[in-house]
Amino acid sequence: MSDHSRDDQQQVAEQFVKDIQNITHKLDTLHIETLREGQEIQVRFFSEVFCDAVLTSMSETQTEIVEINHHCNHYGCDEMLEIHVKTQSDAGQGQIGADNLTWNWNDETDERDYYFGAVITYIDKSRYLARREAGDNSMGNDYVYQTIKSIDIPFKAGWIEEATLEPVAEYLSSDEFKEQVKLLSKVTHEIVIN
């Protein structure tokens, strides 16, 4: 159920679809040009403490705008309407929309604390995959997880329809990010490149 109008929710969902497609394209390019076998980049979107959606360099992300009416008793009532983007990738299912843009009131600062952001993570499973390929199926501690960046995604409460995931796409295009991924890919893989 949403506190936002139908038009605002639809506008945010349409923008998020474009942004997710842009981010997925950047992740796919990384997968082809930089990452090696067993390595991936994940982008997880969070509101408050919940992971709402995950995008991965390992697969395309399918998106669909979903509209749910939670049975309002009034004709034409948008109050019970929920519109969000449903995502599906090898990393899992999720949903993201205007309702994910949340805040709490901070009594100390007398302002809103906004809770919406993304965490970009590097994962290397190459050592695990090599061990398994050699016939060793025992449990081991040979995954590499590295948080590359946590990004706050700003939005304005009064201008929710202008919400965008662009800060994530911009960071994925940055030289800082590309250099860090290249370095991680070289040194964490089962076959290290000097």
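This write-up is about the structure you can find in this document. (Residues numbered from 1 in each chain as written. Predicted model: local features only at pLDDT ≥ 70, side-chain atom pairs only at ≥ 80, totals over all residues. Heavy atoms only, no water.)

What follows is about a negative patch on the surface. On the surface, Asp 107, Glu 108, Asp 110 and Glu 111 cluster together into a negatively charged patch. With respect to the helices and strands, the residue Asp 107 is situated in the loop between strand E6 (102-106) and strand E7 (111-115). The class for Asp 107 is exposed, based on a relative accessible area of 68%. (Patch = residues over 30% accessible without salt bridge, like charges linked within 9 Å, V, L, I, M, F, W, Y side chains within 5 Å. Areas by Shrake-Rupley, 256 points an atom, 1.4 Å probe, with all protein chains shown as cover. Salt bridge = Lys/Arg side-chain N within 4 Å of Asp/Glu carboxyl O. Lys, Arg positive; Asp, Glu negative; His and termini not counted. Charge placed at Lys NZ, Arg CZ, Asp CG, Glu CD. Helix = DSSP H or I, 4+ residues; strand = E, 2+ residues; numbered from the N terminus. Buried < 20%, exposed > 50% of the residue type's maximum accessible area, 1.4 Å probe, protein only.)

If you walk across this open sheet you meet the 3 strands as E3-E4-E5, and the pairing is antiparallel. Edge strands, defined here as strands with exactly one partner in the open sheet, are strand E3 (62-69) and strand E5 (92-97). Each neighbouring strand pair of the sheet contributes to a mean axis angle of 30 degrees, computed without reference to strand direction. Pairing geometry for E3 and strand E4 (residues 81-89), over 8 bridges, is antiparallel. Residue pairing for E4: Val 66 is matched across the bridge by His 84. (Pairing = 2+ DSSP bridges. Axes fitted to C-alpha atoms, helices over the stretch in contact; angles between N-to-C directions.)

Turning to its location among the elements, His 31 is positioned in helix H1 (residues 6-33). Considered as a pair, His 31 and Met 58 are 27 residues apart in the sequence and their alpha carbons are 6.9 Å apart.

A few words on the pairing of E5. Sheet analysis places E4 next to E5, joined by 6 bridges and oriented antiparallel. The residue of E5 that forms the bridge with Val 85 is Ile 96.

Per the counting criterion, the structure on display carries 4 salt bridges. Among the salt bridges present, the one from Glu 40 reaches Lys 125, with a minimum N-O distance of 3.3 Å. Here the residue Glu 40 occupies a position in strand E1 (residues 39-47), and Lys 125 occupies one in the loop between strand E8 (117-124) and helix H2 (126-133), the gap between them amounting to 85 residues. Residues Asp 142 and Arg 131 are paired through a salt bridge, measuring 2.7 Å at the closest nitrogen-oxygen approach.

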